[in-house]
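Chain by chain, the residues run as shown.
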Number of protein chains: 2
Amino acid sequence: MNLLLLEPEELHPDGTVVVSGARARHLVDVLRVQPGQSVRVGMLDGGLGTATVLSHDDNTVALQCVLGAVPVRPGVDLLLALPRPKVMRRLWAQLAALGVGRILLTNAERVERNYFDTHVLGVDVYRPLLVEGLQQARDTRLPLVSIHRRLKVLIEDELDTLCPGGARLLAHPDSEATFIAAVTAHPRHPADSPPRVLLAVGPEGGWSDFELRLLGDHGFQLVGMGARTLRSDTACVALLALLHEAIRTSG
Amino acid sequence: MNLLLLEPEELHPDGTVVVSGARARHLVDVLRVQPGQSVRVGMLDGGLGTATVLSHDDNTVALQCVLGAVPVRPGVDLLLALPRPKVMRRLWAQLAALGVGRILLTNAERVERNYFDTHVLGVDVYRPLLVEGLQQARDTRLPLVSIHRRLKVLIEDELDTLCPGGARLLAHPDSEATFIAAVTAHPRHPADSPPRVLLAVGPEGGWSDFELRLLGDHGFQLVGMGARTLRSDTACVALLALLHEAIRTSG
């Protein structure tokens with residue numbers, strides 16, 4: 001935990017907060033905080049800052065917080081064909097740590113229908129995992145999550161509202177296009193700097209031909225991912241890293 | 001499983017093989033192979049090719065194999081400060097899938113000594129996980145693994161023999177250098193094309209100042225990894241993806 005994240009309702013008007021549970025145990029047992037010591041603190045979807053430890057016992061820590069600027073929402077959104085529940089569970093924290101503004105989980109021909117019944121898609125399961133990832137990466141901006149059972153409806157009717165503007169990329173093994181070329185090629189709007197990029201990542205078996213045409217017809221450009229076939233979670237981490245680096249390099 | 005990998009001793013001189021266990025179950029239950037059908041096959045550290053199913057029952061599959069060229073060993077080696085056993089267990093298959101020629105696991109000041117006692121470092125545990133990663137990525141080249149309890153001895157006395165030539169990079173949060181710049185900057189030897197690159201990834205708490213100097217004194221150049229702090233396994237996947245992409249782009 002590189003950042004202590006607070007829920008908005010936890011912070012008292014005078015800037016003090018009392019945390020308990022896992023966060024308190026981490027502060028006391030791992031960081032071994034003492035009164036007067038400073039720790040990095042942030043408010044979920046709010047500012048980053050510093051908290052000074054006022055007092056602690058075994059189960060609670062009282063802190064005085066000073067919060068600063070709110071971090072910019074990550075410039076990358078992810079459209080992901082829902083992977084197996086076990087893989088999805090592993091991904092939540094990693095996605096939040098790598099930095100995504102929005103996670104759109106979608107059905108596809110090669111996604112098993114029963115994946116949508118898993119508790120891993122319950123907000124009570126994934127929100128703490130997202131928070132864990134933010135605390136790792138020292139960010140406060142909780143990714144927005146939406147779940148879509150019909151890809152065609154999502155792409156044709158909803159996507160322009162959910163992800164307006166920006167580049168749309170589709171990671172595909174057959175493409176030779178590099179991320180840096182794909183990001184640089186996209187005309188940047190003045191109000192859209194750094195650019196937003198929506199990245200589509202398909203299911204283990206790949207998108208169907210119909211789905212590739214549907215995505216292509218709605219502005220998704222193919223981008224290469226190398227010759228090696230990766231597991232969904234490895235692929236997501238690798239592709240998000242490449243995309244962030246391409247944006248950083250082109251900026 | 002995108003590739004059926006065989007041990008050298010499994011293949012009969014006439015090119016036939018009988019597989020059982022998990023691989024046979026995967027062929028029968030998941031791929032639902034029938035006699036006459038072809039599947040991708042490879043020999044560990046040997047050629048890639050095609051196998052035709054001769055016959056099968058519930059527990060075994062007999063195949064006739066034709067093997068071709070041996071894939072080139074991945075041009076990237078990884079020097080990794082040993083992470084927690086749980087994280088290391090998750091990493092083995094992902095490292096093999098992403099492609100590494102050699103994995104050097106090392107001690108460091110901020111690595112807990114007892115991490116070296118874990119069964120996750122036993123060859124009987126990690127070899128099947130590496131094979132799983134190769135089968136995912138359709139590669140046959142098993143990464144070479146070595147375990148080093150003294151970083152100083154490794155760097156000063158052993159590294160030039162284990163990893164001769166090539167670039168040496170050290171992923172560091174403070175560096176602004178991009179992977180593409182770091183890979184391109186390194187003079188390429190004619191006999192060394194594509195170039196070999198050795199990437200050092202530190203422990204969760206980072207390398208100590210002494211370790212940074214030691215690595216710097218032995219040719220490691222700093223390369224940036226973005227502002228976000230990532231968990232060891234996420235960082236390894238992200239950094240290896242960036243390095244492979246930089247080599248692909250500069251080639």
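Residues numbered from 1 in each chain as written. Chains lettered and ligands numbered in written order. Predicted model: local features only at pLDDT ≥ 70, side-chain atom pairs only at ≥ 80, totals over all residues.

**Topic: the overall build of chain A**
Moving on, step 1. Of regular secondary structure, chain A possesses seven helices and eleven strands.
Moving on, step 2. Relative to its length of 251 residues, chain A is compact, with a C-alpha radius of gyration of 20 Å against a globular reference of 18 Å.
Moving on, step 3. Along the first, second and third principal axes, the C-alpha set of chain A runs to 60 × 45 × 35 Å.
Moving on, step 4. The buried share of chain A, reckoned over its 251 residues, is 41%.
Moving on, step 5. When contacts within chain A are restricted to residue pairs at least 6 apart in sequence, long-range pairs at least 24 apart make up 76% of them. (Helix = DSSP H or I, 4+ residues; strand = E, 2+ residues; numbered from the N terminus. Rg over C-alpha atoms; globule rule 2.2 N^0.38 Å. Buried ≥ 20, exposed ≤ 12 C-beta atoms within 10 Å, placed from the backbone. Contact = placed C-beta atoms within 7 Å.)

**Side note on the interface of chain B and chain A**
Moving on, step 1. Taken residue by residue, the interface counts 24 residues in chain B and 24 residues in chain A.
Moving on, step 2. Those elements that place two or more of their residues in the side of chain B that touches chain A are α2 (85-98), α3 (123-137) and α7 (232-250) of chain B.
Moving on, step 3. A total of nine residues in the side of chain B that touches chain A trace back to one element, the largest contributor, which is α7 of chain B.
Moving on, step 4. Residue classes in the side of chain B that touches chain A are distributed as eight nonpolar, ten polar and six charged. (Nonpolar A, V, L, I, M, F, W, Y, C, P; charged D, E, K, R; others polar.)

**Looking at the environment of Leu-4 of chain A**
Moving on, step 1. Mapped onto the secondary structure, Leu-4 of chain A falls in strand β1 (residues 4-6).
Moving on, step 2. Non-local contacts of Leu-4 of chain A, meaning those with residues more than four positions away in its chain, are made with Arg-23, Val-39, Arg-40, Val-41 and Ala-51 of chain A.

**Some words on the domain arrangement of chain A**
Residues and elements named next belong to chain A.
Moving on, step 1. Here the domain parsing of chain A yields domain 1 (4-67) and domain 2 (76-250).
Moving on, step 2. When each unit is reduced to the centre of its C-alpha atoms, the spacing between domain 1 and domain 2 is 33 Å.
Moving on, step 3. Counting residues at the interface gives eight residues for domain 1 and seven residues for domain 2.
Moving on, step 4. With three residues, the single largest contributor to the side of domain 1 that touches domain 2 is strand β3 (residues 38-43).
Moving on, step 5. A breakdown of the residues in the side of domain 1 that touches domain 2 according to their chemical character gives four nonpolar, two polar and two charged. (Domains from an automatic or database assignment.)

**Digging into the pairing of strand β8 (residues 144-148) of chain A**
Residues and elements named next belong to chain A.
Moving on, step 1. Pairing of strand β7 (residues 102-106) with β8, which is carried by five bridges, proceeds in the parallel orientation. Directly across from Leu-104, in β8, lies its bridge partner Ser-146.
Moving on, step 2. Following the chain from β7 across helix α3 (residues 123-137) to the adjacent parallel β8, one finds a crossover that is right-handed. (Pairing = 2+ DSSP bridges. Right-handed = clockwise from strand over helix to strand, strands pointing away.)

**Description of the pairing of strand β9 (residues 167-171) of chain A**
Residues and elements named next belong to chain A.
Moving on, step 1. The element β9 is largely enclosed, with a buried count of five among its five residues.
Moving on, step 2. Across the two faces of β9 the burial is the same, with Ala-167, Leu-169 and Ala-171 and Arg-168 and Leu-170 all buried.
Moving on, step 3. Sheet topology note: the β9/strand β11 (residues 220-223) ladder contains four bridges and is parallel. Opposite Arg-168, over in β11, you have Phe-220 as the bridge partner.

**A word on the relation of the copies chain B and chain A**
Moving on, step 1. Taken as rigid bodies, chain B and chain A are interconverted by a rotation of 180 degrees and an axial shift of 0.0 Å, the fit giving an RMSD of 0.0 Å. One copy is carried onto the other by what is essentially a two-fold rotation axis. Of every C-alpha in chain B, the one belonging to Ala-238 of chain B sits nearest the axis of rotation, 2.5 Å from it. (Least-squares fit on C-alpha atoms with pLDDT ≥ 70 in both.)

**Regarding α2 of chain B**
Moving on, step 1. Between its first and last C-alpha, α2 of chain B extends 20 Å over 14 residues, near the 20 Å set by a 1.5 Å rise per residue.
Moving on, step 2. The largest bend in α2 of chain B comes to about 35 degrees, at Leu-91 of chain B.
Moving on, step 3. Burial analysis of α2 of chain B places ten of its 14 residues in the buried class, the great majority of the element.
Moving on, step 4. Among all positions in α2 of chain B, only Met-88, Arg-90, Leu-91, Trp-92, Ala-93, Gln-94, Leu-95, Ala-96, Ala-97 and Leu-98 of chain B are buried.
Moving on, step 5. Packed against the buried residues of α2 of chain B are α7 (232-250) of chain A together with β6 (76-81), β7 (102-106), α3 and α7 of chain B.
Moving on, step 6. Looking one or two residues past α2 of chain B, Gly-99 of chain B carries a phi angle of roughly 105 degrees, positive in sign. (Expected span 1.5 Å × (residues − 1). Bend = angle between axes of the 7 residues up to and from the residue.)

**What about the sheet that holds strand β11 (residues 221-223) of chain B?**
All names here are of chain B.
Moving on, step 1. On the basis of which strands lie adjacent, the open sheet formed by six strands has the order β8-β7-β6-β10-β9-β11 and parallel pairing. Only two strands of the sheet have a single partner each, and these edge strands are β8 (144-148) and β11. Across the sheet, the mean angle separating the axes of adjacent strands is 25 degrees when strand polarity is ignored.
Moving on, step 2. Bridge count between strand β9 (residues 167-171) and strand β10 (residues 197-201): four bridges; the pairing is parallel. Paired with Ala-167 across the bridge in β10 is Val-197. (Axes fitted to C-alpha atoms, helices over the stretch in contact; angles between N-to-C directions.)

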